[in-house]
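# Residue-level structural notes
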Amino acid sequence: MPKILVTGGAGYIGSHTTLALCSRGYEVVVYDNLSTGRAEAVLPPARLEVGDLAETHKLSALMAREQFDGILHFAGSIVVPESMTNPVKYYTNNTNNTTNLIGLAVKHKIPSFIFSSTAAVYGMPEIVPVTETSPLDPINPYGRSKLMSEWVIQDTHAAHPDFSYVILRYFNVAGADPGGRIGQSTPKATHLIKVASQTALGRRDHLKIFGTDYPTKDGTCIRDYIHVTDLANAHVLALNHLQAGRPSGIFNCGYGQGYTVREIVNAVKKVSKVDFATQDVDRRPGDPATLIADPAKLMQTMQWQPEHDDIEEIALSAYLWESKL
Ligand SMILES: NC(=O)c1ccc[n+]([C@@H]2O[C@H](COP(=O)([O-])OP(=O)(O)OC[C@H]3O[C@@H](n4cnc5c(N)ncnc54)[C@H](O)[C@@H]3O)[C@@H](O)[C@H]2O)c1
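Residues numbered from 1 in each chain as written. Predicted model: local features only at pLDDT ≥ 70, side-chain atom pairs only at ≥ 80, totals over all residues. Heavy atoms only, no water.

## A word on the domain arrangement of the protein chain
In plain terms, the rule: The split of the chain into domains comes from an automatic or database domain assignment. Contacts are residue-level and defined by heavy atoms, with any inter-residue pair within 4.5 Å sufficient. Each of two parts loses accessible area, computed with a 1.4 Å probe, when they are put together; buried area is these two losses added. Throughout this description, the term salt bridge denotes a Lys or Arg side-chain nitrogen within 4 Å of a carboxyl oxygen of Asp or Glu. Distance and chemistry together define a polar contact, namely a pair of N or O atoms within 3.5 Å, with one atom able to donate a hydrogen and the other to accept it when in protein, and with adjacent residues in sequence counting only for side-chain atoms on both sides. Per the convention used, a helix needs a DSSP run of H or I reaching at least four residues, while a strand needs a run of E reaching at least two, with both numbered from the N terminus. We call Asp, Glu, Lys and Arg charged. Ala, Val, Leu, Ile, Met, Phe, Trp, Tyr, Cys and Pro are nonpolar, and the rest, Gly among them, are polar.
Split by domain assignment, the protein chain resolves into domain 1 (3–173 + 225–253) and domain 2 (176–224 + 256–324). If you average the C-alpha positions of domain 1 and of domain 2, the two centres end up 23 Å apart. Across the boundary between the two partners, domain 1 contributes 39 residues, which contact 43 residues of domain 2. Considering only the side of domain 1, the residues that lose the most area to domain 2 are Tyr-225, His-227 and Asp-230, jointly responsible for 23% of the buried surface there. Remark: the boundary between domain 1 and domain 2 carries zero salt bridges. On inspection of domain 1 and its partner domain 2, the count reaches eleven residue pairs in polar contact (both at pLDDT 80 or more). Looking at the side of domain 1 that touches domain 2, the elements with two or more residues in it are helix H1 (12–23), strand E6 (164–170), strand E7 (172–174), strand E10 (225–227), helix H7 (228–243) and strand E11 (249–253). Top contributing element to the side of domain 1 that touches domain 2 by residue count: H7, with eight residues. Counted by class, the side of domain 1 that touches domain 2 contains 25 nonpolar, eleven polar and three charged residues.

## Concerning the pattern of salt bridges
Quick note on the threshold: The buried label applies to any residue whose accessible area, calculated with a 1.4 Å probe on protein chains only, is under 20% of its type's maximum; exposed applies above 50%, and partly exposed to all values in between.
Counted according to the given criterion, the structure contains 17 salt bridges. Ionic pairing is found between Glu-27 and Arg-47, a salt bridge with its closest N-O pair at 3.0 Å. You can see Glu-27 sitting in strand E2 (residues 27–32) and its partner Arg-47 sitting in strand E3 (residues 47–50), a full 20 residues away along the chain. In this structure, Asp-275 and Lys-269 form a salt bridge, with 3.0 Å as the shortest nitrogen-oxygen distance. Judged by relative accessible area, which is 67%, Asp-275 ranks as exposed. Within this structure, Lys-3, Glu-27, Arg-47 and Glu-66 form a network of salt bridges that share partners.

Now the structure itself:
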């Protein structure tokens, strides 16, 4: 079976994708500096190599030794507010380190590269659902660091056609492994369903709802929540797609269905059976009212079919994982 390098595979999405790859017989080596990831999230038979993307000699030696057939690149810094106070960290870890990794992939002739991008590259879209050809206008260093990485990937493919890629633009990733083996353990995570679960468990006094005067059905922001296991499966399909020699491309990952913040809060209250406190506060700068993916390209090109697109299932899996932590 093909051997795959998964950078950031000790983190939330990378660990779920590693699980999906291993269950289909892929051999996986995770490369992670454990800055936000956890060694326990890398389940055997996947192997963990602890290292930083900036350690290019170490990474190059690993590639020479293992002869990978593909790279899934999850490693990066992901907190939007932090990217505004410390942009250099984001351009260094997301853009520079991705550029170095791509250079090594070309040098070691690793043919398939799958990249974790984000809906943040669209900024504040005027038209939803958002398609892959919608205008790209990221409004924070996190989104810009990811868009620049996308350009490096595309330019490298143009110069080296044997380097093929799939860029996956994730919308709001949520939930946990339905088998309860892993979940989101990222410290300081700001994701709504995780924070709501923490509030239901009494680890926070209350949940802040940022903005209640948006032009939506209940005044709160609408987002497209995708179960992490469905997203992991999209990565496996993307890898199969490239290995079958099909064309490189960019794909949105979401369900094409949005929920308001209040609907999410109610879903977490329902599955946890806890009527926790919320507080309505002002809007945060840079939050679009509605962000929903058009996933038609992914569904048609890769025959991707969501299997966990039920908001209560997503909320329950996240809550059960949070209660284990
Ligand atoms: N979580 C989301 O909703 C979301 C949405 C859109 C895009 N993404 C992207 O998905 C990817 C994974 O996100 P996540 O939620 O799993 O985050 P995470 O923080 O749980 O995982 C990131 C992993 O990368 C590792 N890492 C970071 N910098 C590294 C470096 N320099 N060298 C080696 N390892 C390093 C961390 O230790 C961690 O294990 C990121 O690239 C992120 O930008 C996430």
